[in-house]
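Descriptive structure summary
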Amino acid sequence: MSAVWRAKRSLSTTAGDCPRLLRFALHPPKHVEVEFGDGSLYKLQAEYLRVFSPAVDSKIRSIAGQKVIYGRRHVGIMSAEPIGNYGVRLLFDDLHKTGIYTWDYFYYLGSNKFTLMRSYIDTLRKHGLSRDPRSKK
């Protein structure tokens, strides 16, 4: 298998090419770990998971039609509820709990973590927003 094909496969995340989940571990409040059959092991921080929540109503600000969640640097994960045999619902300490994270989506987030986070930070900077919560006056 060529290196280019492997790289393309790691970026592609259709249901057919996500390896089998071997382990899901919640480490509240900071992160989850997911391990897959291809040897991938991802440590995904609470802020990252909250910002990239698959839920529609994730307390977002729409900027030019783009979903932007900000001020979640210190968010924590309180619990994880199994959903069938395909994913979990995470409950965050900001009371967000409507997103269902499938194993495929965890694989996508893990495989693309640095690119997605860099893009997120660039978007915040571009619009004068911060990862830090707003200070209460």
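Description of the structure in this document. Just so it is clear, the model here is predicted, and its values are computed rather than measured. (Residues numbered from 1 in each chain as written. Predicted model: local features only at pLDDT ≥ 70, side-chain atom pairs only at ≥ 80, totals over all residues. Heavy atoms only, no water.)

1. Quick look at unusual backbone geometry
The omega torsion across Pro28 and Pro29 is 0°, close enough to zero to call that bond cis. As for its position among the elements, Pro29 is in the loop between β1 (21-27) and β2 (31-36). Phi at Leu95 is positive, roughly 70°, even though this residue is not glycine. Mapped onto the elements of the fold, Leu95 is located in the loop between β7 (87-92) and β8 (100-102). (Helix = DSSP H or I, 4+ residues; strand = E, 2+ residues; numbered from the N terminus.)

2. Considering the environment of Arg72
With respect to the secondary-structure elements, Arg72 resides in the loop between β5 (66-68) and β6 (77-83). A relative accessible area of 16% places Arg72 in the buried class. The spacing of Arg72 and Asp94 is 22 residues in sequence and 8.8 Å in space, taken between C-alpha atoms. A polar contact of 3.4 Å, which involves the side chain of Arg72, links it to the backbone oxygen of Tyr70. (Buried < 20%, exposed > 50% of the residue type's maximum accessible area, 1.4 Å probe, protein only. Polar contact = N/O pair within 3.5 Å; in protein donor to acceptor, adjacent residues only side chain to side chain.)

3. Description of the nonpolar core
In terms of nonpolar packing, the biggest core is built from 28 residues, with Phe36, Leu44, Leu49, Leu90, Tyr101, Phe106 and Leu109 touching the most fellow members. Of all the secondary structure elements, the ones that give two or more residues to this core are β2, β3 (41-45), α2 (46-51), β7, α3 (103-111) and α4 (113-126). Not counting chain neighbours up to four residues away, the residues in contact with Leu49 comprise Val32, Leu44, Ile77, Leu90, Phe92, Tyr101, Phe106 and Leu109. (Core = buried A, V, L, I, M, F, W, Y, C linked by side-chain atoms within 4.5 Å. Contact = heavy atoms within 4.5 Å.)

Distances and angles like these do not, on their own, reveal function.
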